[in-house]
Amino acid sequence: MYNLHLSPEQLQIRDTVRDFVVEVIKPLALKPERLEARARPLLVQALDKAAEMGLRTLALSEDCGGAGADNLTCCIVTEELAAGDPDVAAVLAQTSTLAQALFDRLMTAEQRARFLPPFLTDHRYHLALAEHEADRDAALGINYHRPQTSHAPFKTAAVRAGDGWVVSGSKDGVVGASLATLFVVRASVGEGGIATLLVPRDTPGLSVTETGTATRSRHGACGAVAFDDCRVPAENFLGVESPLAADAGRHIPQDQALNLGIGRAAYEAALDYAQVRTQGGRPIIEHQAIGAKLAEIAIRLEVARAAIWQAAWASDHPDAFADRSLPDLPLTTIAAVFASEAIYRAVKDAAECFGAMGVMRDMPLQKYVHDARICLHAGAGNSEAKLRIAEALARYRRPASAAVLAAE
Amino acid sequence: MDFTLSNEQRSWQMTARKFAEEEIRPISLERDEIADPRETFDWEIIKKGSKLGFRTLAVPKEWGGHGTDFVTQALVMAELAKADSAISKTFSQCWKWSHLIAAACSEEQKRRFLKPFLEDDTFLLGKGISEPSAGSDNRLPPDDPKAGLKLRAERHGDEWILNGEKCFIANASVGKLFFIDARTDPNAPLRQGTTMFLVPRDTPGFRIGKVFNKDGWRFYQNGEMIFENARVPHANVVGPVNGSDMKTQQAGDRTGGDLFGDLELAANALGVCDDACGMALTLARTKKQSCARS
Ligand SMILES: Cc1cc2nc3c(=O)[nH]c(=O)nc-3n(C[C@H](O)[C@H](O)[C@H](O)COP(=O)(O)OP(=O)(O)OC[C@H]3O[C@@H](n4cnc5c(N)ncnc54)[C@H](O)[C@@H]3O)c2cc1C
């Protein structure tokens, strides 16, 4: 049953993370010199503390040493963290989600025995997915309703060499690239095949270039990863599917929860300011123009949260699609488009409540506006997302990626 | 209605387009990237633009300016803004206050201030209204005398002594002459208790504080103004004492002095949008994506 009562555990973890954000993250994130800077180094200290609290392994099953949180709980935590700092939230979400995918689902027992113990003992051990390529076609266009002839391959290639693989190519927009210990790399393996390989950061030939704060298109210590003839042992072959997008359009809406956290930070700042700033003889919240603006912000955030929580719950209960409780639609993609547009607008409105101070670099509002704008383009971006929804409406089934591969 | 441009309007438009493309655009992004808001400014571009008339184009012909009409001003604004919204705004800020000089200053004041303004390529204008505790209240003043700007001016013989502070003031750190609204009757509501003064940059007791670190319009300087017993001659009072508001209203304006402000901002935004759309079109026409075509 669709139930909006949060469990005592969910309420407790939300409160714990909220306190952590107020006490630890916000004082660091809102330092004026950090707000003014065009480059904002990752808050490693806060990240370490969050890892110690177990947020790095939140989604990982209890059997594997994690907290075994469901997707809705993970989204709640991500929203809270992002209200403090979206980069910290993104890195933790990425590691936690990948840990669950890798250790609970995709790794062989042998791989788990090799990778899990060091991952659990080192709080700074993060995971990153190296999938996106700069000019790779997203394999979708105006002809979404027509069958595709070929699946756009990755330029990054993995070639069999002796008892292993040699990986060469480059990836960009990799969340957590600047600090990840292990990369999950998607590469072409010839004849339309795609493989997923585990590539440790210290592999010779692997190099990371951090993306500057001003030019990046995603949250979370993003970077580009280059593979210059990296030798990867055969035992590091993970499979053929992408570890995260197994169920397209219905995956955990963690990026959207992050987006919501940004919106909430802006909203809370505006709400506070509107009660202390006096113009026209009264706190500006008492002017109808500001009151209505704040109301619209609240509406956008609440409706976005409803869409995100529904998608999160649906990703925890995929059977609810099968029994027709939920519409046969890509609910996460739907939440992504709605939330990113609604929240961008909400954040802009929140900044306007500050008058001229809303555009100053020593105030957080301009940062929230930039942060929310990134969410419009994160992932594939809203234009493509709409076409993916259209695909679902048109009942178009994209071809499965061509069968792979001699490796298994 | 006739939207045909005159030859003169066309000519201004073309000069502005050329200047924007050849001089402003090449420096726009690099100026934007400079971290210290005080260092984003560049006098060379101001001098070059001034020589072409972009600083003084709103000064009436009888005073030696170019006497362009509002349509020309909007055209020039949109063209300059295509290359950099903030650099063009620095020029048009002078037009705004040229209008105010023409509408509100006495003949003697025009002689004293317009002449040096016209002659000096680095002579920029500004107007200080906003204060930390009074922004919107100066635009939509409540009746309560406590509301609105507080910068105080008191008369001592032939001089006025100004004390207080302004914030966000455009061209503050680079301007040579400012209109300053000051409270001359603190017991009257804003409109009835405020006087406008002409305050030259080198007025004793007047200095510029910090330059605000804006997220956009980086080139455009918005600064604090600090008045500590600043002494301004009575001859620099614009219009009647306690009537800062009156003369622009006589000229049909209800915006508190920004005769040209709304038109200016609209034309500026149009220029930015025009350029953004142009870039998007170029990208859409040249960037190849989608395997369906390859
Ligand atoms: C780029 C830039 C250039 C500027 N240049 C100059 C300049 O050259 N000279 C100068 O004097 N000033 C200048 N300003 C300041 C500008 O005039 C003020 O920012 C403006 O008047 C708003 O004041 P405020 O910022 O204090 O906001 P506030 O007045 O504090 O307003 C905050 C919010 O409350 C709302 N609000 C306030 N009062 C009411 C009301 N009665 N009813 C309903 N809503 C209300 C506002 O709309 C706004 O959303 C500049 C500002 C900027 C950003």
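Scope of this entry: the structure provided in the associated data block. The shown structure was predicted, so the numbers you read here are calculated from the model rather than taken from an experiment.

### Overview of the packing of helix α4 (residues 85-104) of chain B against helix α9 (residues 261-286) of chain B
Residue and element names in this part refer to chain B.
Thinking step 1. Orientation of α4 relative to α9, taken along the N-to-C sense of each, is 160 degrees, at an axis distance of 11 Å. Judged by the inter-axis angle, α4 sits roughly antiparallel to α9. Seen from above, α4 lies across α9 with right-handed handedness. Residues Ser85, Ser88, Lys89, Ser92, Gln93 and Lys96 of α4 form the contact with α9, whose own contacting residues are Gly261, Glu264, Leu265, Asn268 and Val272.

### Considering the nonpolar core
Where a protein is soluble and globular, its nonpolar side chains tend to be buried together.
Thinking step 1. Of all hydrophobic cores here, the largest spans 79 residues; its most connected members are Ile25(A), Leu55(A), Leu81(A) and Phe354(A).
Thinking step 2. Ignoring any residue separated from it by four or fewer positions in sequence, one finds Leu55(A) in contact with Val17(A), Ala50(A), Val77(A), Leu81(A), Leu92(A) and Ser96(A).
Thinking step 3. Counting residues in each nonpolar core, the second largest holds 45 residues, with Ala16(B), Phe91(B), Cys105(B) and Leu198(B) among its members.

### Quick notes on the site of the ligand
Thinking step 1. As a structural note, the neighbourhood of the ligand is formed by 24 residues, with Arg277(A), Glu352(A), Ser130(B), Ser136(B) and Arg139(B) the closest of them.
Thinking step 2. Neighbouring residues of the ligand are not confined to a single chain but are spread across chains A and B.
Thinking step 3. Contact distances for the ligand include 2.8 Å between an oxygen atom and a backbone N or O atom of Ala356(A).
Thinking step 4. Between the ligand and the protein, one listed contact pairs a nitrogen atom with a backbone N or O atom of Phe168(B) at 3.2 Å.
Thinking step 5. In the complex, the protein chains occlude 79% of the 970 Å² of accessible area that the ligand would expose alone.
Thinking step 6. Elements that contribute at least two residues to the shell around the ligand include exactly α8 (288-316) of chain A together with β1 (125-128), α6 (136-139) and β3 (159-170) of chain B.
Thinking step 7. Broken down by element, the residue count for the shell around the ligand peaks at three residues, all from β3(B).
Thinking step 8. Taken together, the residues that form the shell around the ligand break down as ten nonpolar, nine polar and five charged.

### Quick notes on the environment of Val237(B)
Residue and element names in this part refer to chain B.
Thinking step 1. Mapped onto the secondary structure, Val237 falls in strand β8 (residues 237-238).
Thinking step 2. Owing to a relative accessible area of 8%, Val237 belongs among the buried residues under this scheme.
Thinking step 3. Here the alpha-carbon distance between Val237 and Glu159, two residues 78 residues apart in the chain, equals 9.9 Å.
Thinking step 4. Filtering out sequence-adjacent residues up to four positions away, Val237 remains in contact with Gln109, Trp160, Thr195, Met196 and Phe197.

### Overview of a nonpolar patch on the surface
Thinking step 1. On the surface, Ile299(A), Val303(A) and Phe338(A) cluster together to form a nonpolar patch covering roughly 260 Å² of accessible area.
Thinking step 2. Mapping Ile299(A) onto the fold places it in helix α8.

Rules used in this analysis
- Numbers given for residues are sequential positions, taken from 1 along each chain in its written order.
- To read the labels, note that chains go from A and ligands from 1, taken in the order they are written.
- pLDDT decides what is reported in this predicted model: residues at 70 or higher carry local features, side-chain atom pairs at 80 or more are listed and counted, and totals for whole chains, interfaces and linings draw on all residues regardless.
- By convention in this description, side-chain values take in all heavy atoms of the structure and omit both hydrogens and water.
- Note on geometry: axes are C-alpha line fits, over the in-contact stretch for helices, and angles between N-to-C directions span 0 to 180 degrees.
- Working definition: helices are DSSP H or I runs of at least four residues, strands are E runs of at least two. Numbering for both runs from the N terminus.
- Any angle that falls under 35 degrees is termed roughly parallel, while one over 145 is termed roughly antiparallel, one within 65 to 115 roughly perpendicular, and all others oblique.
- It is the rotation of the near helix from the far one that decides the hand of a crossing: anticlockwise by less than a right angle makes it left-handed, clockwise makes it right-handed.
- Between two residues, a contact is recorded if the distance between any of their heavy atoms is within 4.5 Å.
- The criterion is simple. A nonpolar core is a set of buried Ala, Val, Leu, Ile, Met, Phe, Trp, Tyr and Cys residues joined through side-chain atoms within 4.5 Å.
- For every residue, the accessible area obtained with a 1.4 Å probe (protein chains only) is divided by the maximum for its type, and the residue is called buried under 20%, exposed over 50%, and partly exposed between those limits.
- Throughout, the term near means that a residue has one or more heavy atoms lying within 4 Å of the molecule or strand in question.
- Two N or O atoms form a polar contact when they lie within 3.5 Å of each other; inside protein one atom must be a possible hydrogen donor and the other a possible acceptor, and for residues adjacent in sequence the pair counts only when both atoms belong to side chains.
- Per-residue accessibility takes into account occlusion by the displayed protein chains alone, with areas from the Shrake-Rupley method and a 1.4 Å probe.
- Any residue that is not Ala, Val, Leu, Ile, Met, Phe, Trp, Tyr, Cys, Pro, Asp, Glu, Lys or Arg is counted as polar, Gly included; the first ten are nonpolar and the last four charged.
- Residues with no salt bridge and a relative accessible area higher than 30% make up the patches, which join like charges within 9 Å and nonpolar side chains (Val, Leu, Ile, Met, Phe, Trp, Tyr) within 5 Å.
- Between Lys or Arg on one side and Asp or Glu on the other, a salt bridge is scored when a side-chain nitrogen of the former is within 4 Å of a carboxyl oxygen of the latter.

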